[in-house]
Every structure is written in structure tokens, then in C-alpha cells.
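Spelled out from the first residue to the last, the chains are:
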Amino acid sequence: MSKDLYVVAEQRDGEIAKVTLELLGEATKLAADLGEKVVGVLMGDGIKGKAQEMIEAGADKVIVIEDPMLAEYVTEPYTKALTALIKEYDPNIVLFGASSIGRDLAPRVAARIHTGLTADCTHLDIDMEKYFEFLHATSTADTDAIAKKLGMDDKTLKMTRPAFGGNLMATIICPRTRPQMATVRPGVMKLAEAQPGKQGEVEDFKVEFTPEDMNVTIKEVIKETKKAVDITDAKVLVSGGRGIGSADFYKELQKVADLLGGEISSSRANVDAGWIAKDRQVGQTGKTVRPDLYLACGISGAIQHIAGMENSECVISINKNDTAAIFDVSDLGIVGDVKVIIPKLIDALTKYKAAQN
């Protein structure tokens, strides 16, 4: 009988990735609906000491797989280890971060255990809403049995992700096989508050590796030396769309960001035009962000972009088109030309900061 929600931890250099902590918080909510436990899976070498961090983030139990072969992420050893664990414990749900590692590992494991995988999810839930809608819309006498066969009961995970180029959101279920598996985009789930001192079980799981399991040779690990700023961690984002007119205008947006203590970001159009780096892109094919303040400048509000920033605490938009879709998700909308408004905003913020000092 499949049971419990498993969250596969991503760790780099012995540090648990933020997306893992986000997933643990979300898993506790799902587990409460199911009456099951949250189990963290921690793989690496000399990594057991990080199990407590996962427990304090929401895990009831952490299963640790340690081996020198797992010191650096390599597809085959990690796939073998996780596949063996899933076959042994038979989890109900397995969640991964939709990072470069999660997107590589999850589909390989799913293929080996013959189950489905929903990639790049933006929402997870377990509820009866679709079941009741089905009952209301169907006149067949045996609706309850049909609904359960289709997975429309309260024990099936509903996994929502953008589909058809982001033009609609699809809710996907996996009713016939277990575990139910999903990768979830970083920044989508709200980071839950840690519970210092929380107690949980830590269990070792041994996997017998052979030299043949290491099908690649890591000769050297070269770390990027530049200090890269991840926009998913920013409290303030000043984002530019096609309406800013040129790459040069990002210099003005950077001034606003500096005054507000934030970072600049972008819509996809400007990334495709080569105006700004890909790692600054917000949206379905970029990054999902939830800053305290999102200032959208010259962004029309395509659904693909909105999917990446709609959970921001406060959204202020500037657009000369008063019917722009971005205003539908904005707390404050300013109708006007960004090239006129932004310089005035810079001037006002500069004067305000000077007065504060």
C-alpha cells in the first residue's frame, strides 16, 4: 500500500537548496489532507548532518543515502539510489525541485519504476472540487465509481502546470500508478517558517554501488567565480518589458532597483532580443518570483509572464495601454509612458533618500 509524501532533497556543496525547503513546507499541507507523513530523501557523501535542517523545515522523517559515489551529482548513481529506495518504501507521492538536477533525475526514475511524471508544476493540491464538479455534470448512475477510476477522489494529487505555450493551465492526475511524481518550479511554493528543535526520525539506507554505476568521470569541478544574484531571492524586482524600447533603458531601471534595494528582471521578449541575460527572465519559461514589490515597466501581461510573478506581495505596473492585462494582477496601475515616469520616479526616490540621510 503506497503511503507518505517523499521530498527529494537537492544539495550542492553540502547545502540544502531553497526549493527543497519550499517543497517540504508544501508537503506538510498535502500530508495533512492525506493523513500521511512527510519523508525527506537526502543523498550525498558526508551529508547526514543536514537531516535536521530538513526536519525543521517540515519532514517527519529523513532517509539518508551516503556514499562517496554520490559526492557530486551524476545521473546514473543518483538514479540507481533513488529507484532502489522507492521500490523499497513504496511512497504515495514523490516531489522534486524543477532545477537542472531535478529535471534530469525525476524522468529517469519515473521511467525505471514505470509511473507518470508531471513536470514544472506551479500548484499542487488534494481536494474534492473536481470530483463534485464531475458529479454535478454527469447523469450516469455509477458516477462515484467512474470518478474514483479517473482519480477524482480526495486521495489523488492534482498537479497543475502551464500548457500549450502557457496559454492555459492544465491539471494533471496520475490515478493508475504509484508513486505520483512531480517536479515543482523554484519560488512557486511559499517558504514555510522553520521549526527549530523539531524532532524527527533519521534512517540510513544502503545502496550497493559498483564501478560500472559511474558511467562518467568527473575530472574537475569548476565553480563560477562571479557573484550571481538570483532574482528568486530578491525582495524588490524592477522588471522591464518590450515597452521600455531598448536595452539601454535597463540602465534607468537599474537606478530604480538600486534606490529600492532590489534587482532588475525582464519579460521573455527582451531576453529573446538579447537586451538582458536569460537568468533575469520572469515567467513560464524563466523563473517564478514572489518579491515584496514587483514593479512592472512596459510589460503587457501575457499569461506566460503573469504565471511567474502573480504571487508577488505587491505589484505596481506602468503601461501606456490602459487595457493591458498586467493591470488585472496589479495592486496599483499607472497609465503612462515608462520613459517619462521612470526618470521622475528616480528623481523622487533620490530626493527622498537624501532627506532620510
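In case you missed it, the structure is sitting above this.
These numbers were taken from a predicted model, which means no experiment stands behind them.

Break down unusual backbone geometry for me, with residues and values.
Here the bond from Arg-178 into Pro-179 is cis, since omega is 5 degrees, no more than 30 degrees from zero. Residue position: Pro-179 is located in the loop between β10 (168–172) and β11 (180–184). Despite not being glycine, Asp-4 has its phi angle at roughly 80 degrees, a positive value. With respect to the helices and strands, Asp-4 occurs in the segment before β1 (5–8). Unusually for a residue other than glycine, Asp-13 sits at a positive phi of about 55 degrees. Along the chain, Asp-13 turns up in the loop between β2 (11–12) and β3 (15–16). The exposure class of Asp-13 is exposed, given its relative accessible area of 57%.

Just give me the short version of helix α7 (residues 250–260), but keep the residues and values in it.
Since there are 3.6 residues in each turn of an α-helix, residues three or four apart along the chain are aligned in direction. Looking at α7, one finds that the buried residues are Tyr-250, Leu-253, Val-256 and Ala-257. All buried residues of α7 lie within an arc of 110 degrees about the axis, which places them on one face of the element. Exposed residues lying more than 90 degrees from the buried face of α7 are Lys-251 and Asp-258. The inward-facing, buried residues of α7 abut β13 (236–240), β14 (263–266), α8 (268–272), β15 (293–297) and α10 (338–356). Two residues or fewer past α7, Gly-261 is found with a positive phi of approximately 70 degrees.

Could you give me a rundown of the pattern of salt bridges, with the residues and numbers involved?
Within this structure, the stated rule accounts for 17 salt bridges. Residues Lys-29 and Glu-26 are paired through a salt bridge, measuring 3.9 Å at the closest nitrogen-oxygen approach. Of this pair, Lys-29 and Glu-26 are both found in helix α1 (residues 18–34), 3 residues apart, which corresponds to roughly one turn of the helix. Among the salt bridges present, the one from Arg-103 reaches Asp-120, with a minimum N-O distance of 2.9 Å. One end of the pair, Arg-103, is in helix α4 (residues 100–113); the other, Asp-120, is in strand β7 (residues 117–121), and 17 residues separate them in sequence. Salt bridges here are not isolated pairs; linked through shared partners, they connect Glu-15, Lys-50 and Glu-53.

What counts and how
Residues numbered from 1 in each chain as written. Predicted model: local features only at pLDDT ≥ 70, side-chain atom pairs only at ≥ 80, totals over all residues. Heavy atoms only, no water. Helix = DSSP H or I, 4+ residues; strand = E, 2+ residues; numbered from the N terminus. Buried < 20%, exposed > 50% of the residue type's maximum accessible area, 1.4 Å probe, protein only. Arc of directions from axis to C-beta. Contact = heavy atoms within 4.5 Å. Salt bridge = Lys/Arg side-chain N within 4 Å of Asp/Glu carboxyl O.

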